[in-house]
Amino acid sequence: MTELSAVEKIKAESRGLRGTLVDSLADPATGGLAESDTQLLRLHGSYQQDDRDIREQRRLQKLEPLWRFMVRLRLPGGVCTPAQWLAIDALARAHANGSLRLTTRQTFQLHGIAKGDLKPTLAALNAALVDTVATCGDVNRNVVASSNPVESPAHAEVAEWARRLSEHLLPRTRAYHEIWLDGEKLTGTPEVEPIYGNTYLPRKFKTAIAIPPSNDVDVFANDLGFIAIVEDGRLAGFNLTVGGGLGATHGDAATYPRLADVAGFLTPDRLLAVAEAVLTTQRDFGDRTNRKHARLKYTIADRGLAWFVAEVERRAECKLEPARPFAFTSNGDRFGWLRGFDGRWHRTLRIPAGRIVDRFDLPWLTGFREIAKVHTGDFRITPNQNAIIAGVDASARQAIDELISRFRLDATEHLSPLRRDALACVALPTCPLAMAEAERYLPQLLSRVEALLERHAISHVPLSLRITGCPNGCARPYLAEIGLIGKAAGRYNLHLGGDARGQRLAVLHRENLDEAAFLAELDGLLRAFASERADEERFGDFLWRTGRIRGPARA
Amino acid sequence: MLPLDPERAARLDTLIEDLDPATLLWISGYTAGLAAERARSGARSGFLAQSLVQPVAPHAPATRATPASPVTVIYGSQTGNGRRVAERLGRGLEASGLQATVVSAADYSPKQLAQERFVYLVASTHGDGDPPDDARALFEFLTSRRAPRLPSLAYAVLALGDSSYPRFCHTGRVLDERLAELGARRLFARVDCDVDLEPKAAPWIDQAVGAARGELGTEAPRLAIVTPLRPTAAPLASRDQPLEVELLANHRITARNADRDVRHVELAIPDERFDYEPGDAIGVFVENPIAAVERIVELTALDPASQVTVDGSTHSLRSWLTSRREIARIARPLVERLAERSGDRQLAGWLAPESATELRRAFSQLQVADLLRHFPAAWDPEALVRALHPLAPRLYSAASSRRQVGGEAHLTVAVIDYRHDGERRVGPASWQISIASPGARLRAFVEPNARFRVPTDGSRDIIMIGPGTGVAPFRGFVQQRVADGARGRNWLIYGGRHRERDFLYQAEWQETLKRRQLHRLDVAFSRDQADKVYVQHRIREHGRELFAWLEKGTSVYVCGDAERMAPDVHAALIEVIATHGARSAEDAADYLNGLAQVKRYARDVY
């Protein structure tokens, strides 16, 4: 048998994710953790990162990298109360870099936290009834769910299922309480993990629930997905999807993005049992020898969907029914005020790259804080890195609008469709995986592409562009109409042909292009699109229809 | 062909195995003297056991029965000045046909004084009135009630010090008075030397040689003077004969937002004339920056081209100020002359003995230009030159071991560059180094410090206490121990202000830890938390373990700031020994002095 990957050994010897984290946190000679503890820390919801802008400088200074920690919150369905928002905002200013990062998995990331501030941060979050358990690492991550909260009573029900699912799939170790919350120390043998076992999962595991017609969660990009089937205004059940995942490695053909398969239908009462069965099947059959081949998508691709479904049915002790019809129309967000079924209102605000920070002329961090002080509903983070001020009584709308306007949170109101829907991952300078810029480059990139659209008089046409600094796909570029995937500083692979509904993969069109080269390529294609476009046709669809791109991945 | 038969060769091997280079060199000097003596007298027996300076095996205090030579020169020296003067005196005595022994106070058993007839004492004062580490035991013995009567001893003292300290030349003064009190005969009055010691030291040496000849005549047999010989043919680059060395690298090693700019400097060393050991210092000659010289010229309104003759040399004023006189450091003579010339009462007040501390504090923060600016006075070029100390080379601990870096010497240089009342002030050497690019050449030399060496026995553990740039020699120590394959453990206690900004060589220490070349690292960063934490806090915190190490024969080294850190660390060590060794404070102090005596407690502080 091939040898287990190094991380497997670290997990197995961790005594329930404890490792030597307490010693590492106390070591005053370094701002970082022992290597093995950095792996375990992930399962507690944090990554050790460094400021890559000054990494080389510090190497010459014979100083260790400027270690900082990213903390990712667990926020099932992206639901956050105003009190929680205020607590998170205070931590961003006290311990992090003064900004909030809304992620494509409906949660907050705090960046730039020093080692010594990690424990106070997690303790303060806990006091605000938020935790970070299992938001990173080889476990079920934050569960995402279609974010538009109350289009029907079924939406509220789904949000509740997202919360229950997240709770159900949490690790049971008390390590989090011991290390971060001064809980009683373990004496004797570590507790048993009933679902995970002592080595957790072979790789990260992502779960989503979508409510058609919105596929804002990009359900097919998830290991485990549920498509809510609403019949006559009530939640009848879910179609199960399995085996999605976007990460790949440059130059390694054995790795690839994959859309999930629709496996069948189940009623809501089966949801937890089926989810657990999917997870434990992957736990037992996933590849633990090669982390690049360890996601559920490879397990299913290698063993076949029929085998997988049978195994899940056996474990869940139920049969899946045939999948029911569903239709998605978009994976984007709807902006502005929307009225819910119960008469309350929800306003979605566009947050480019999900970054909420006080800039000189755009004091957004303060703006959200002021809103949180008066808001009586809640906030929703969307999988498109935007924020919804949700559950506003009609009478309170005006007050909210005034705050939005005063703090210029409406500055994005009149953006082009391109700028409104674009996504970027964090990338440089904090993400250790980044090979190229993404978030920092996005505004400039969008200006360049907007210039092309203007030249061809198609600025009004919706166009989904997503950029990531590496092929792991955090901003889901493989589902965009234009996906740019970082390869090296200033160089990107150009993927084309997603369908803006999250049901068709873009294909690799050209490799390793610098900005001038991919803009020239896009210029030609957009010119053709402008002149040959069918009614309301989208760019991705156009490229396929006219044979300008071709590939194996058509849905 | 060896001149020894195999049996004798084996005996010699047994005898010299484990000896450190200094001892081996001493033996070569001793046997050379022995050879000369036998050639002269035909005597057969050695006289090591009953006479001459006993070579001090590391960790064993010296004892001896009778003086080896009619004149003994004992020196107590912190920076090497005292040693150099003592060695010059030794050469002077030898040149006039007098047998003399030159010995560090650290290698001299104080009880031996009762047997001496003729002793010259060169004693420096360290910090504010402290004896230098090597003379601590001698000082304490003589000032204690245990000191014997010394009716048959004749002596004279040369005291070295820095007049900016209140207790100027305190050690020499006390020893001089105490020897008289104990009944010894003072040959001639003590002389106190300031930082610029040459004007007074040279005449004292002449006087001492003259007095010895007068008292002892020159009929005494000539013997080798025990001074270190180097095995190499070429003499080591010295203060008097510096070498040009090339700068290979100059990297800032503190973060952008650190309070201080500290450089890691790599020099290419030309050949064996630069064979330094970890623990030695590298001296660097510099000139004062043009702007600083111009500022003095401007403030005094003197003609920089005017020719000035002082002590027999003639140069332009500009030349004196640029390359011959200190303008970055203020010395007492300048304050005295300035007080006379300006008639300023505040200045005169500062010169009163009770204001010495205040004056010294002012000195440390001011340069000559500041004083001239605040106290305008009429100067003539010669008076100005005479009021200033000679420009001294700057000494930096070697931060490397040749066994690891080959033909290089590394330095850790804190750059002095600040503003005072709107004017920029720089330290001439550190500033010059900070702007030097690879390829630049510096005049430099090796300043040996035989008291600051890794143990010759590699199985011994060491504890290194070196906050800030005080960590420099320990980088060399660890490199040396690794290259030697030393099996003893290395424990470093480091301190700074911010871990992320001024943890000097942090990445290297982490690497050596990982490789088990550094076995323990404790750090204290004063500004990383509400309470200021310094190395002495860590010493107390880990006192039990530290004492356990001491009991196992560990050597302790301290390097860095002399003003506050060294006394604080000293006090903390005594406290640890008292607490964990169940001793009174006095006994704990004796314990620590005992360690110093056997070279297991060594300090290089400045």
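Computed from a predicted structure; not experimentally measured. Chains are numbered independently. Their residues run from 1 in the order of the written sequence. Chains carry letters from A onward and ligands carry numbers from 1 onward, assigned in written order. Thresholds applied to this predicted model are a pLDDT of at least 70 for local features of residues and 80 or more for the giving and counting of side-chain atom pairs; totals over whole chains, interfaces and linings are not thresholded and use all residues.

Chemist: Describe the interface of chain A and chain B, and please don't skip the residues or the numbers.
Modeler: Every contact between the two is made by eleven residues of chain A and, on the other side, 16 residues of chain B. Among the residues forming the side of chain A that touches chain B, the class breakdown is five nonpolar, three polar and three charged. A pair of residues counts as a contact when their C-beta atoms, built from backbone coordinates, are separated by no more than 7 Å. By the convention adopted, Pro, Cys, Tyr, Trp, Phe, Met, Ile, Leu, Val and Ala count as nonpolar, Lys, Arg, Asp and Glu as charged, and the other residues, Gly among them, as polar.

Chemist: Summarise the pairing of strand E4 (residues 154-160) of chain B; cite the residues concerned and give the values.
Modeler: Residues and elements named next belong to chain B. Exposed residues have 12 or fewer other C-beta atoms within 10 Å of their own C-beta, buried residues have 20 or more, and partly exposed residues fall in between, where C-beta atoms are placed from the backbone. Secondary structure counts use DSSP, requiring at least four H or I residues in a row for a helix and at least two E residues in a row for a strand, with both numbered from the N terminus. The buried count for E4 comes to seven of seven residues, which makes it a mostly enclosed element. Taking every second residue as pointing to the same face, both faces of E4 are buried, with Ala-154, Ala-156, Leu-158 and Leu-160 on one and Tyr-155, Val-157 and Ala-159 on the other. Two strands make a pair as long as DSSP finds a minimum of two bridges between them. Note: strand E3 (residues 118-124) against E4, seven bridges, orientation parallel. Following the sheet pairing, Ser-124 is matched in E4 by Leu-160. Alignment of E4 against strand E5 (residues 185-186), held across two bridges, turns out to be parallel. Looking at the pairing, Tyr-155 lines up with Arg-186 of E5. One crossover worth recording links E4 to the parallel E5 by way of helix H5 (residues 170-181), and it is right-handed. Handedness is read with the strands pointing away from the viewer; a crossover is right-handed when the path from the first strand over the helix to the second is clockwise.

Chemist: How would you summarise helix H7 (residues 153-168) of chain A if you had to cite specific residues and measurements?
Modeler: Residues and elements named next belong to chain A. In this model, H7 (16 residues) spans 23 Å end to end at C-alpha, consistent with the 22 Å of a helix rising 1.5 Å per residue. Turning to H7, its buried residues number three or more, namely His-155, Val-158, Ala-159, Trp-161, Ala-162, Leu-165 and Ser-166. All buried residues of H7 project into a common sector of 160° when viewed along the axis, lining one side. On the buried face of H7, the contacting elements are strand E3 (79-80), strand E6 (144-145), strand E7 (207-210), strand E8 (224-231), strand E9 (234-242) and helix H9 (271-285). A helix is expected to span 1.5 Å multiplied by its residue count minus one. Directions pointing from the helix axis toward each C-beta atom define the arc.

Chemist: Just give me the short version of the confidence of the model for chain B, but keep the residues and values in it.
Modeler: Any region with low pLDDT has predicted coordinates that should not be read closely. Residues and elements named next belong to chain B. Considering every residue of chain B, the mean pLDDT works out to 87; 88% of them sit at 70 or more. Values of pLDDT, the confidence the predictor places in each residue, fall between 0 and 100. Across residues 45-65, where pLDDT falls below 50, the model places 39 contacts with residues more than four positions away in sequence or in other chains. Confidence drops under pLDDT 50 across residues 219-232; counting only partners more than four residues distant or on other chains, this segment forms 39 contacts.

Chemist: Which residues make up helix H6 (residues 115-127) of chain A, and what values do they have?
Modeler: All names here are of chain A. Of all the residues in H6, the buried ones are Lys-115, Leu-118, Thr-121, Leu-122 and Leu-125. Summarising the axial view, the buried residues of H6 lie within an arc of 95°, below the 170-degree limit, and thus occupy one face. Facing away from the buried side of H6, by more than 90 degrees, are the exposed residues Ala-123 and Ala-127. On its buried face, H6 is in contact with helix H2 (21-26), strand E1 (46-50), strand E2 (67-72), helix H5 (82-94), strand E5 (108-113) and helix H8 (175-180). Of the residues flanking the end of H6, it is Leu-129, one or two places downstream, whose phi is positive at about 65°.

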